[in-house]
Amino acid sequence: FQYSGKQINLERPHQDDDAATHIALRTQDVHASYENIQKAGLKTLNEPITNADGTQWFYFLTPWGSQLELVGKVKKGN
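By convention here, each chain's residues receive numbers from 1 onward along its written sequence. Local features are withheld for residues below a pLDDT of 70 in this predicted model, meaning they are given only at 70 or higher, and side-chain atom pairs are given and counted only at 80 or more; totals for whole chains, interfaces and linings count all residues. Side-chain measures were taken over the full set of non-hydrogen atoms in the model, leaving aside hydrogen atoms and water.

Turning next to the pairing of strand β3 (residues 55-61). Within a regular strand, side chains alternate between the sheet's two faces. The buried fraction of β3 amounts to 6 of the 7 residues, a majority that puts the element mostly inside the structure. The pairing criterion is simple: DSSP has to find at least two bridges between the two strands. Comment: elements are numbered from the N terminus, with helices defined as DSSP H or I runs of at least four residues and strands as E runs of at least two. Alignment of strand β2 (residues 49-50) against β3, held across 2 bridges, turns out to be antiparallel. Among the inter-strand pairings, T50 is bridged to a residue of β3, identified as Q56. Hairpin geometry of β2 and β3 is characterised by an intervening segment of 4 residues between the two adjacent antiparallel strands and by a positive phi of about 95° at G54. Taking the residues between adjacent antiparallel strands as the criterion, β3 and strand β4 (residues 67-73) are bridged by 5 residues, where G65 takes a positive phi near 100°. Only protein chains enter the area calculation, which uses a 1.4 Å probe; residues under 20% of their type maximum are buried, those over 50% are exposed, and those in between are partly exposed.

Next comes the structure, spelled out in structure tokens:
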């Protein structure tokens, strides 16, 4: 993403500010995705986290340095 314009603050937004530092993509299996990301040699920024509502997520970096988030729900039976 690129911030531009005369009245735009060019300072990069902080961490989880809306639309600031990453894009989130949905996955059917967060843990399998985490393992596949690691096998591909990409840098993960945290292990999968499970929220109280069953939402799971983790961050990783693309080869060009963009931060992505994979998010999903706990699979039933787990």
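As for its placement among the helices and strands, I23 is situated in strand β1 (residues 22-26). The spacing of I23 and Q67 is 44 residues in sequence and 7.2 Å in space, taken between C-alpha atoms.

The residue K75 is located in the segment after β4 in this model. Look at K75 and you get partly exposed, because its relative accessible area is 41%. Whether two residues touch is decided by their heavy atoms; if any such pair falls within 4.5 Å, the residues are in contact. If sequence neighbours within four positions are ignored, K75 has contacts with Q28 and D29.

Moving on, we get to the nonpolar core. Counting 7 residues, the largest nonpolar core is built from V30, Y34, I37, F58, F60, L68 and L70. Contributing elements (two or more residues each) for this core: α1 (30-39), β3 and β4. When residues in this core are grouped by element, the largest group, 3 residues, is from α1. If sequence neighbours within four positions are ignored, I37 has contacts with L42, T44, F58, F60 and L70. Nonpolar cores were defined as sets of buried Ala, Val, Leu, Ile, Met, Phe, Trp, Tyr and Cys residues, with membership established by side-chain atoms within 4.5 Å.

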